[in-house]
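Single-letter residue listing:
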Amino acid sequence: METPAYRPRTIWAWALYDFANSAFTTLVVTFVYAAYFTQAVAPDPISARRSGRGR
């Protein structure tokens, strides 16, 4: 069974889409979720930043 040959333009389009999607997901998880967590989930900003060690 032979693998299908893809045009270089198709491969570049998929690579750029994957790159952009990865960056978007990273930004959302890093900044948007962090802001949501400190505002809505944590009881106060100080405990949201604390690592949990040394309690």
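Residues numbered from 1 in each chain as written. Predicted model: local features only at pLDDT ≥ 70, side-chain atom pairs only at ≥ 80, totals over all residues. Heavy atoms only, no water.

(A) The arrangement of the overall build of the protein in detail. When you go through the protein residue by residue, the secondary structure sums to two helices and zero strands. Each of the 55 residues in the protein was classed as buried or not, and the buried ones make up 5%. When the accessible surface of the protein is summed, it comes to about 5500 Å², and 64% of that surface belongs to carbon and sulfur atoms. (Helix = DSSP H or I, 4+ residues; strand = E, 2+ residues; numbered from the N terminus. Buried < 20%, exposed > 50% of the residue type's maximum accessible area, 1.4 Å probe, protein only. Areas by Shrake-Rupley, 256 points an atom, 1.4 Å probe, with all protein chains shown as cover.)

(B) Molecular detail of helix H1 (residues 8-41). Under the 1.5 Å per step criterion, the end-to-end length of H1 is 46 Å for 34 residues, consistent within 8% with the ideal 50 Å. The principal kink in H1, of about 30°, is found at Val-28. (Expected span 1.5 Å × (residues − 1). Bend = angle between axes of the 7 residues up to and from the residue.)

(C) Geometry of the packing of aromatic side chains. Applying the stated criterion across every chain yields a total of three aromatic pairs. Judged by centre distance (6.2 Å) and plane angle (40°), the rings of Tyr-33 and Tyr-36 are tilted. Taken together, the residues Tyr-33 and Tyr-36, both in helix H1 and three residues apart, mark about one turn of the helix. For Tyr-33, a relative accessible area of 48% gives the class partly exposed. Here Tyr-36 falls in the partly exposed class, since its relative accessible area comes to 47%. Through successive ring pairs, a cluster of aromatic residues spans Tyr-33, Tyr-36 and Phe-37. (Phe/Tyr/Trp six-rings, centres within 6.5 Å; stacked < 30°, edge-to-face > 60°.)

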